[in-house]
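Residue strings, one per chain:
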Amino acid sequence: MSKKFYVIWKGAKTGIFNTWPEVQQHTAGRSDAQYMGFESKNDAEAAFASTYTKALMQRSLSKKGGASAAPSSSRKSSSKASTKTATVSANGPSDIEIYCDGACSPNPGKSGTGLAVYEHGKVTSLYYGLYLANGTNNTAELSGLLSSFQIAQHFIDKNAKQGSEYSICILSDSKYSIDCITKWAKGWQAKGWTRGKGEEVKNLALVQQCYSLYKTIQSKITIRHVKGHANIEGNELADRMAVLARKQQQESMIRYAEVIDIKAILAMESA
């Protein structure tokens with residue numbers, strides 16, 4: 001069942017709200033937004049009287065099993081990932097969270113894209129593919145955003161059939177891809193898909209595809225930037241899938257068929 005009460009600590013407007021569209025209205029486009037959903041008004045009021053950090057910590061401690069929600073401040077420096085547990089969500093939980101990431105080596109060079117999908121705080125599926133022999137980090141990241149939009153559309157359609165109001169958040173560590181779609185594409189389109197002084201828009205076909213789908217679903221999703229290689233579980237899993245796609249030269253986007261053993265996947269090669 002979807003949450004009934006939402007707290008916004010940081011956004012265009014703060015307070016307690018009853019619907020997800022209100023939350024989106026006040027937090028959309030803000031990478032510093034702080035918000036969280038609660039099942040009762042009393043819980044929401046108590047959380048709002050406190051701080052976002054304390055509320056997130058309390059929720060993390062209340063979860064049983066799965067990965068630890070304690071964030072790590074250390075930055076990964078080796079090609080092998082730490083097998084320690086990682087925080088599941090960087091911005092407070094949404095009902096559906098879709099992490100996307102791209103990998104390219106060298107840059108330009110062989111690239112791949114990976115996704116990690118969470119439902120109610122638990123990873124339920126991983127995807128990898130979209131290999132390009134002559135890709136770039138940016139094309140891989142844009143491809144990840146496009147794939148995330150497509151999966152989000154699936155959940156939106158499913159929710160509509162069920163009469164649900166689940167919150168959907170897409171998380172990427174690529175500020176470039178997020179800004180392309182949420183900030184710059186509207187202006188580029190108005191200028192005939194050119195930049196200032198008629199300059200060509202890089203990765204135009206991908207940008208156009210992403211922006212077209214984004215416009216149809218933007219009122220039902222939130223997009224957030226997360227720090228890469230910061231021990232955020234969803235981002236790390238998407239990273240491993242992106243590298244797997246590059247190494248296996250997997251051209252179509254496919255679902256990871258193995259059992260999702262988080263510790264084993266985090267031990268795989270990283271970008």
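Everything that follows concerns the structure shown earlier in this document.
Here we summarise the structure given alongside this text. On a predicted model such as this, the values are computed, not experimentally measured, just so you know. (Residues numbered from 1 in each chain as written. Predicted model: local features only at pLDDT ≥ 70, side-chain atom pairs only at ≥ 80, totals over all residues. Heavy atoms only, no water.)

What follows concerns the overall build of the chain. Counting its regular elements, the chain contains eight helices and nine strands. Considering the chain as a whole, with its 271 residues, one finds that 49% of them fall into the buried category. Nonlocal contacts in the chain, meaning residues at least 24 apart in sequence, comprise 70% of its contacts between residues at least 6 apart. A total of about 13400 Å² of accessible surface is found on the chain, and carbon and sulfur atoms cover 50% of it. (Helix = DSSP H or I, 4+ residues; strand = E, 2+ residues; numbered from the N terminus. Buried < 20%, exposed > 50% of the residue type's maximum accessible area, 1.4 Å probe, protein only. Contact = heavy atoms within 4.5 Å. Areas by Shrake-Rupley, 256 points an atom, 1.4 Å probe, with all protein chains shown as cover.)

The next point concerns the sheet that holds strand S7 (residues 168-172). Ordered in space as S8-S7-S4-S5-S6-S9, the six strands form an open sheet in which the pairing is mixed. Looking at which strands have only one partner, the edges of the open sheet turn out to be strand S8 (222-225) and strand S9 (254-255). Where helix H4 (residues 137-162) meets the sheet, it contacts strand S4 (96-105), strand S5 (109-119), strand S6 (122-135), S7 and S8, and its direction lies at approximately 160 degrees from that of S4. (Pairing = 2+ DSSP bridges. Axes fitted to C-alpha atoms, helices over the stretch in contact; angles between N-to-C directions.)

Looking now at the pattern of salt bridges. Under the definition given, this model contains seven salt bridges. Arg240 is the partner of Asp239 in a salt bridge, and the nearest nitrogen-oxygen pair spans 2.7 Å. With relative accessibility at 1%, the residue Asp239 sits in the buried group. One network of salt bridges, with partners in common, ties together Lys175, Asp179 and Lys183. (Salt bridge = Lys/Arg side-chain N within 4 Å of Asp/Glu carboxyl O.)

With that settled, consider the pairing of S5. Taken across its 11 residues, S5 has nine buried, putting it largely inside the fold. Taken together, the 10 bridges between S4 and S5 define a ladder with antiparallel strand orientation. When the sheet's bridge partners are listed, Tyr99 is paired in S5 with Ala116. Taking the residues between adjacent antiparallel strands as the criterion, S4 and S5 are bridged by three residues.

With that out of the way, let us pick up the packing of helix H5 (residues 175-190) against helix H6 (residues 204-217). As a packed pair, H5 and H6 sit with axes 10 Å apart at the nearest point and diverge in direction by 105 degrees. Comparing the axis directions of H5 and H6 gives the class roughly perpendicular. Contact residues: Cys180, Ile181, Thr182, Ala185, Lys186, Trp188 and Gln189 in H5; Val207, Cys210, Tyr211, Tyr214 and Lys215 in H6. Here the residues of the contact of H5 with H6 are counted per class, giving eight nonpolar, two polar and two charged. (Parallel < 35°, antiparallel > 145°, perpendicular 65-115°, else oblique. Nonpolar A, V, L, I, M, F, W, Y, C, P; charged D, E, K, R; others polar.)

This part covers the side chain of Glu233. Within the fold, Glu233 resides in helix H7 (residues 233-248). Among the polar contacts made by the side chain of Glu233, one reaches the side chain of Tyr118 at a distance of 2.5 Å. (Polar contact = N/O pair within 3.5 Å; in protein donor to acceptor, adjacent residues only side chain to side chain.)

All right, on to the sheet that holds strand S2 (residues 15-17) then. With antiparallel pairing, three strands are arranged side by side in an open sheet as S2-S1-S3. The sheet terminates laterally at S2 and strand S3 (34-38), the two strands that pair on one side only. Going from strand to strand, the sheet's axes swing by 25 degrees on average, the running direction of each strand aside. Here helix H1 (residues 20-27) sits on the sheet in contact with strand S1 (5-10), S2 and S3, set at roughly 10 degrees to S1. Lying over the sheet, helix H2 (residues 41-49) contacts S1, S2 and S3, oriented at roughly 10 degrees with respect to S1.

What follows covers H1. Looking at H1, one finds that the buried residues are Trp20, Val23, Gln24, His26 and Thr27. Packed against the buried residues of H1 are S1, S2, S3, S7 and S8.

Along the chain, Gln250 turns up in the loop between H7 and S9. Classification of Gln250 by relative accessible area gives buried; the value is 18%. Among all residues touching Gln250, those that are not within four sequence positions of it are Tyr128, Gly129, Leu130, Tyr131 and Ala245.

What follows covers the packing of H4 against H6. The interhelical angle for the contact between H4 and H6, taken along N-to-C directions, is 25 degrees, at an axis separation of 10 Å. The pairing of H4 with H6 is recorded here as roughly parallel in orientation. The handedness of the crossing between H4 and H6 comes out as left-handed. From H4, Thr139, Leu142, Ser143, Leu145, Leu146, Phe149, Gln150, Ala152, Gln153 and Ile156 reach across to H6, where they touch Leu206, Val207, Gln209, Cys210, Leu213, Tyr214, Thr216 and Ile217. Here the contact of H4 with H6 is built from residues that sort into 12 nonpolar, six polar and no charged. (Left-handed = near helix turned anticlockwise from the far one by under 90°.)

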